[in-house]
Amino acid sequence: MAKHICKHQPRILMYHRFSNPPVTGWASPDYFDRQVKYIKDRYNPYSLVELLQYQREFGKMPPHAVVITVDDGYRDFYDYAFPILRKYNVPATLFATTGFIDGRLWLWPDKITWILERLNYIPNDFLINSLKVKSGPVDDNGRRELWKQWVAHALLVSDEEKHVFIRGLADRLGLVFPDSIPGAFAPLSWNQLHEMQAFGIEIGGHTVTHPSLGRVSPAQARSEIFGCRDVLKEHLGERERTFCYPNGQPSDFNDLLPELVREAGFLGAVTAFPDAVGTRDRYLMRRHVSGDDMFQFHKAVSGVEWLGHVLRREYLLKPSYIADEAE
Ligand SMILES: [Zn+2]
């Protein structure tokens, strides 16, 4: 039933990290294998750029399309996910943060994780960037709480303040970040991206430094989007690609950004949340979370999650609405 109603509503799945042994929220090779096989057996898998090329050619979305997308450019994609995609011959889109691939920067939440992994005790209270940090012992629960609190704080402030905040945390806690990115947070290499692109993995754009584009100046947003496009072209050749807004929540983009992404030549772009809009707006296409939760995976891939948003919107906006057309 859902499959029929959702026939021309592609589902775009969003992954971040892969691991073995399993880590909560990350896809283990075992789960990912089952998910890719399920998609291959029942749906039509596309990379995001192929999906939009199909739409351009035929004037509509392909039937029963599912797109696997993976953000950021961590090396675990090559180690765990790529062998499975190759095994089932399923395409996908990987959104690469080019400064990260170049080894010039860590992805900032990893710096917070790195600090917390080294923290057993906070010697004294301090105030940083208007956030109070309390003294005392730190256990696993405490680390989880602090991670949430510090990441939430970093997401609220400007890009520049965010870096000052994270550097300040390390300073106050007597820690010095290593010069190169530690293995657990390491990026893919350009050679690996090359190999995967040759197989049919689309390498899409995800900015140069992974800021929230909603919190930087228009000039900076432009240089993040165009700069990332140019680096991808330099290393991987000229071809059509798509784009992904870092963080991807409503506050991470504004009206200007889809226009900039289009001007840079990207064929489309994705956010990081689902709602009733689905894939209707090519430069703000919605995505569904996937990872280690099979229930969430089935809800997303079947279209039930999207349908839920459509029904919720219809009933909330039009209480007396009688469904007489399928979206
Ligand atoms: Zn990202």
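Reading guide: rules and limits
Residues numbered from 1 in each chain as written. Predicted model: local features only at pLDDT ≥ 70, side-chain atom pairs only at ≥ 80, totals over all residues. Heavy atoms only, no water. Helix = DSSP H or I, 4+ residues; strand = E, 2+ residues; numbered from the N terminus. Rg over C-alpha atoms; globule rule 2.2 N^0.38 Å. Buried < 20%, exposed > 50% of the residue type's maximum accessible area, 1.4 Å probe, protein only. Areas by Shrake-Rupley, 256 points an atom, 1.4 Å probe, with all protein chains shown as cover. Lys, Arg positive; Asp, Glu negative; His and termini not counted. Charge placed at Lys NZ, Arg CZ, Asp CG, Glu CD. 1 Å grid on protein atoms, 1.4 Å probe; cavity = no way out; pocket = protein on both sides within 12 Å on 5 of 7 lines; lining within 4 Å. Points joined across faces, edges and corners; volume = space filled by probe spheres on them. Nonpolar A, V, L, I, M, F, W, Y, C, P; charged D, E, K, R; others polar. Domains from an automatic or database assignment. Expected span 1.5 Å × (residues − 1). Bend = angle between axes of the 7 residues up to and from the residue. Contact = heavy atoms within 4.5 Å. Donors = N, O, S within 2.8 Å, 3.2 Å for Na, K, Ca; no water. pLDDT = per-residue confidence, 0-100. Salt bridge = Lys/Arg side-chain N within 4 Å of Asp/Glu carboxyl O.

**A look at the overall build of the protein**
Broken down by element type, the protein carries 13 helices and 12 strands. Over its C-alpha trace the protein gives a radius of gyration of 20 Å, about what one expects of a compact globule, namely 20 Å for 327 residues. Along the three orthogonal principal directions, the C-alpha set of the protein runs to about 60 × 50 × 40 Å. Taken over 327 residues, the protein has a buried fraction of 53%. Accessible surface computed for the protein: about 15400 Å², of which carbon and sulfur atoms make up 52%. The centroid of the 39 positive side-chain charges in the protein is displaced by 3 Å from the centroid of its 41 negative side-chain charges.

**Overview of empty space enclosed by the protein**
Per the stated rule, a full pass over the model turns up one cavity of 30 Å³ or more. Size it by volume and the largest cavity reaches roughly 50 Å³. Considering the residues around the largest cavity, the lining is formed by Trp108, Ala154, Leu155, Val157, Ser158, Asp159, Lys162, Ser212, Arg215 and Asn247. Of the residues contributing to the lining of the largest cavity, the split by class is four nonpolar, three polar and three charged. Shared between two domains, the lining of the largest cavity takes at least three residues from each, and those domains are domain 1 (2–103 + 183–317) and domain 2 (108–172).

**Considerations on helix α4 (residues 76–88)**
The end-to-end C-alpha separation of α4 is 18 Å, in line with the 18 Å expected for 13 residues at 1.5 Å each. Along α4, the sharpest change in direction is near 40 degrees and occurs at phenylalanine 82; proline proline 83 comes one to four residues later. Turning to α4, its buried residues are Asp76, Phe77, Ala81, Phe82, Ile84, Leu85 and Tyr88. Looking at the buried positions of α4, the neighbouring elements they touch are α2 (29–42), β3 (65–72), β4 (92–96), α9 (190–199) and β9 (201–205). Phi for asparagine 89, located one or two positions after α4, is positive at around 55 degrees.

**Brief notes about the coordination of the zinc ion**
Taken together, Asp72 (OD), His206 (NE2) and His210 (NE2) make up the full set of protein donors to the zinc ion, lying 2.0 to 2.2 Å away. In primary-sequence terms, the residues that donate to the zinc ion follow D-x133-H-x3-H. Placement of aspartate 72 in strand β3 and of histidine 210 in the loop between β9 and α10 (218–236) is noted, with a sequence separation of 138 residues between them. A single burial state applies to aspartate 72 and to histidine 210, both of which are buried.

**Notes on the confidence of the model for the protein**
Low-pLDDT portions of the prediction should not be read for the details of their coordinates. Chain-level pLDDT for the protein is 93 on average; 96% of the residues reach the 70-or-more range. For the stretch residues 320–327, pLDDT sits under 50, and the model shows nine contacts to residues farther than four places along the chain or on other chains.

**Quick look at the pattern of salt bridges**
Under the criterion given, the structure shown has 17 salt bridges. The salt bridge partner of lysine 87 is aspartate 33, with a shortest N-O separation of 2.7 Å. In this pair, lysine 87 sits in helix α4 while aspartate 33 sits in helix α2, placing the two residues 54 residues apart along the sequence. With relative accessibility at 53%, the residue lysine 87 sits in the exposed group. Judged by its relative accessible area of 17%, aspartate 33 falls in the buried class. Across the pair lysine 37 and aspartate 41 runs a salt bridge whose closest N-O atoms are separated by 2.8 Å. Of this pair, lysine 37 and aspartate 41 both sit in helix α2, four residues apart, which is roughly one turn of the helix. On the basis of relative accessible area, aspartate 41 is assigned to the partly exposed category, the value being 49%.

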